[in-house]
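# Overview (structure and organization)
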Amino acid sequence: MTELLDSLGQPHNWLYAVSACVAVGIWLVSLLGLVDLHTDGHLAADLHAEAPGLWGHLGEAVGFGALPASVVLTLLLFSFGCTGIALNDWLLAWLQPTGGWRYALLGANFGVAGAVAVGLTRALGRPLRHLFRDYGQAAKAGDLVGRVARVSSGQVSGQHGQATLTLADGTTVEVAVRVPAPGVAPLQYGTPVLLVDFDEDRNVYWVQPAGPELLA
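Residues numbered from 1 in each chain as written. Predicted model: local features only at pLDDT ≥ 70, side-chain atom pairs only at ≥ 80, totals over all residues. Heavy atoms only, no water.

### Some words on the overall build of the chain
Basically, it comes down to this: Secondary structure counts use DSSP, requiring at least four H or I residues in a row for a helix and at least two E residues in a row for a strand, with both numbered from the N terminus. Pairs of residues are marked as contacts when any of their non-hydrogen atoms sit within 4.5 Å. Each accessible area is a Shrake-Rupley estimate made with a 1.4 Å probe; only the visible protein chains count as cover when residues are assessed.
Secondary structure assignment for the chain yields 7 helices and 7 strands. Its helices and strands taken in sequence order, the chain reads α-α-α-α-α-α-β-β-β-β-β-β-β-α from the N to the C terminus. Considering only contacts in the chain between residues 6 or more positions apart, those separated by 24 or more positions represent 62%. Carbon and sulfur atoms make up 63% of the accessible area of the chain, which amounts to about 11,600 Å² in all.

Have a look at this one:
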């Protein structure tokens with residue numbers, strides 16, 4: 001335990017230690033029931049609203065589909081933190097670089113830790129997707145086709161986007177949505193959209209702007 005604390009206390013490990021601790025903290029809060037990471041999608045919606053391009057592209061890159069952004073975030077942070085600390089402790093003790101070589105090694109470790117974190121998140125995401133298979137969907141995904149939702153991410157494009165809608169029982173759900181053609185202008189936050197089709201392979205809904213007659 002002493003060696004672990006000494007390692008976490010090293011300045012070159014501070015960023016990694018904070019990353020891992022933030023992930024663990026979110027998981028602990030969730031286990032205590034103070035925050036729900038997946039049932040209604042509000043936390044994921046907040047993350048998408050703050051940085052839609054980043055989280056949207058990350059979700060596509062690791063193949064999570066409609067899995068909550070909070071899960072992607074914590075997996076990335078924890079993997080990044082643990083990998084970075086392990087690399088720093090091992091390589092610095094083995095190579096013992098000095099001067100500029102030390103900073104070069106730390107920079108290389110940062111890049112490798114990021115790449116490993118994405119790879120681990122991708123690998124862990126495949127089995128985890130089944131735990132969240134109902135996230136952002138009705139009992140049958142096709143049941144939502146024809147419903148009107150509202151864009152909850154910063155924007156919706158052909159690569160990323162989220163929208164929320166209220167089911168008949170009053171439950172608010174968030175779904176992954178995309179515009180059907182690359183050349184279509186992105187739909188902005190708050191825009192009402194019509195869910196016109198469901199893509200089972202990508203686990204996303206194709207949408208178009210909802211006309212006035214659907215909003216009456």
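Alright, that's what it looks like, and here's the rest.
### Observations regarding the nonpolar core
Generally speaking, soluble globular proteins have nonpolar side chains that are buried together. Which entries qualify depends on this criterion: We call a set of buried Ala, Val, Leu, Ile, Met, Phe, Trp, Tyr and Cys residues a nonpolar core when their side-chain atoms join them within 4.5 Å. Note on exposure labels: buried denotes an accessible area under 20% of the residue type's maximum, exposed denotes more than 50%, and partly exposed covers the range between, all computed with a 1.4 Å probe on protein chains only.
Within the largest apolar cluster, 16 residues are counted, with the highest numbers of intra-cluster contacts made by Val-177 and Leu-195. With sequence-adjacent residues up to four places away left out, Leu-195 is seen in contact with Leu-144, Val-145, Gly-146, Arg-147, Ala-149, Leu-165, Val-177, Tyr-205, Trp-206 and Val-207. Residues Tyr-16, Phe-80, Ile-85 and Ala-117 belong to the second largest nonpolar core, which totals 8 residues.

### Examining the sheet that holds strand E7 (residues 204-209)
Test applied: The rule for pairing is simple: two strands pair if DSSP sees at least two bridges between them. Interaxial angle, 0 to 180 degrees, is taken between N-to-C directions of lines fitted to C-alpha atoms, where a helix line uses only the stretch in contact.
Here 5 strands make up a closed barrel; going around it, the order is E1-E3-E4-E7-E6 and the pairing mixed. Shown here is a sheet whose adjacent strand axes are inclined to one another by a mean of 55°, direction ignored. Sheet analysis places strand E1 (residues 148-151) next to strand E3 (residues 162-166), joined by 2 bridges and oriented antiparallel. Paired with Val-151 across the two strands is Ala-163, which belongs to E3.

### Points about the side chain of Asn-109
Positionally, Asn-109 belongs in helix H6 (residues 100-131). Exposure remark for Asn-109: the relative accessible area of 3% places this residue in the buried category.

### Here we look at helix H2 (residues 14-31)
To keep things clear, this is the line we draw: Working rule for helices: expected span equals 1.5 Å times residues minus one. Arc definition: it is the arc formed by the directions from the helix axis to the C-beta atoms.
The end-to-end C-alpha distance of H2, which contains 18 residues, comes to 26 Å, matching closely the 26 Å that a straight helix rising 1.5 Å per residue would cover. For H2, the set of buried residues is Tyr-16, Ala-17, Ser-19, Ala-20 and Ala-23. Across the axial projection of H2, the buried residues extend over an arc of 165°, all falling on one side. Residues of H2 that are exposed and point more than 90 degrees away from the buried face comprise Val-18 and Cys-21.

### Quick word on the packing of aromatic side chains
Formally: Side-chain rings of Phe, Tyr and Trp (the six-membered ring for Trp) are treated as a pair once their centres are within 6.5 Å; stacked means planes under 30 degrees apart, edge-to-face means over 60, and tilted covers the remaining angles.
Enumeration according to the criterion identifies 5 aromatic pairs in this entry. Centroid distance Tyr-16 to Phe-80: 5.0 Å. Interplanar angle 55°. Geometry classified as tilted. Taken together, the residues span a long stretch of sequence, with Tyr-16 in helix H2 and Phe-80 in helix H5 (residues 69-95) at a distance of 64 residues. Of the residues examined, Tyr-16 reaches a relative accessible area of 3% and is grouped as buried.

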